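# Descriptive analysis of the structure
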Amino acid sequence: MDEKTLEQVSGRGPLGGIWAFIVARPDNERVTGVDRVMTVISRLSMFLVLLGVAITFYEVFMRYIFASPTLWVNEMTLWLGAMIYLLAGAYTMQRRAHIRITAVYDIVSKRTRFLFDHVALFVIIVYAVMMFVGGYDVAWEAFITWERFGTVFDPPIPATIKPLVLIVTLLVGVMALNNLLVDWFGFGKSETERSAGTESDR
């Protein structure tokens, strides 16, 4: 957690601190509405990790203390893990921490980096569109038939994860476009501009 987020969270009590953490301003230099939405989604998804740890602890406790293993924890952790993995991809894009050959990117000129970022955006958008067009029918069918996992617990993992794959793929494309506009064209507001706007409203 960065210092600005820590300042916004501290001194609010447990529930107030959690809420302040979820809605705290992203630590990017410039922030758009897309950044804010993605930050809220990613911070909410962090609690899925805690939920996965909690139910795994419950399974271990029940299995080895009471010799009464559950039928649902394994599938539930798979479900949560799939959601976390997908949402982490969008968060990684928002943080600009995706795979990049930095040894090359960092030594080339600014104009070449500009070109690299546009080529990367083009590839991501083409991939997102092709993924959506190719996977829409399968995802929609899984959702409307509420396709289940086929185990004793039988959760609707396919019915939820298949559409989520497409949603997050589109979200990654939106984040890639957002990052390009912020990094190269100055979209969004900086902390200074936001503070100046707040002062002028008074």
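These remarks concern the structure in this document. Position numbers for residues count from 1 along each chain, tracking the sequence in the order it is written. Thresholds applied to this predicted model are a pLDDT of at least 70 for local features of residues and 80 or more for the giving and counting of side-chain atom pairs; totals over whole chains, interfaces and linings are not thresholded and use all residues. As a rule here, side-chain values come from all non-hydrogen atoms in the structure, and water together with hydrogens is ignored.

## Notes on the pattern of salt bridges
In plain terms, the rule: What counts as a salt bridge is simple: a side-chain nitrogen of Lys or Arg found within 4 Å of a carboxyl oxygen of Asp or Glu. Strands here mean DSSP runs of E at least two residues long; helices mean DSSP runs of H or I at least four residues long; both are numbered from the N terminus.
Going through the model one piece at a time under the given rule, you end up with three salt bridges. Note that R63 is salt-bridged to E59, the shortest N-O span being 2.9 Å. Within this pair, R63 and its partner E59 are both found in helix 3 (residues 33–65), separated by four residues, close to a single helical turn. Across the salt bridge formed by D183 and R96, the nearest N and O atoms sit 2.9 Å from each other. With D183 in helix 7 (residues 157–185) and R96 in the loop between helix 4 (73–94) and helix 5 (102–105), this pair connects stretches of sequence that are 87 residues apart.

## Looking at the packing of helix 2 (residues 13–23) against helix 3
Each pair of packed helices gets described by two things: the angle between the helix axes and the distance between those axes. What counts is decided by this rule: Think of each axis as a best-fit line through the C-alpha atoms, taken over the contacting stretch in the case of a helix, with angles from 0 to 180 degrees between the N-to-C directions. Roughly parallel here means an angle under 35 degrees, roughly antiparallel means over 145, roughly perpendicular means 65 to 115, and every remaining angle is called oblique. A contact between two residues is defined here by any heavy atoms of the two lying within 4.5 Å. Each residue is assigned to one of three groups, with Ala, Val, Leu, Ile, Met, Phe, Trp, Tyr, Cys and Pro labelled nonpolar, Asp, Glu, Lys and Arg labelled charged, and all others, Gly among them, labelled polar.
The interhelical angle for the contact between helix 2 and helix 3, taken along N-to-C directions, is 135°, at an axis separation of 7 Å. Judged by the angle between their axes, helix 2 and helix 3 are oblique. Mapping the contact onto sequence places I18, F21, I22 and V23 in helix 2 and T39, V40, R43, L44, M46 and F47 in helix 3. For the contact of helix 2 with helix 3, the residue count by class is eight nonpolar, one polar and one charged.

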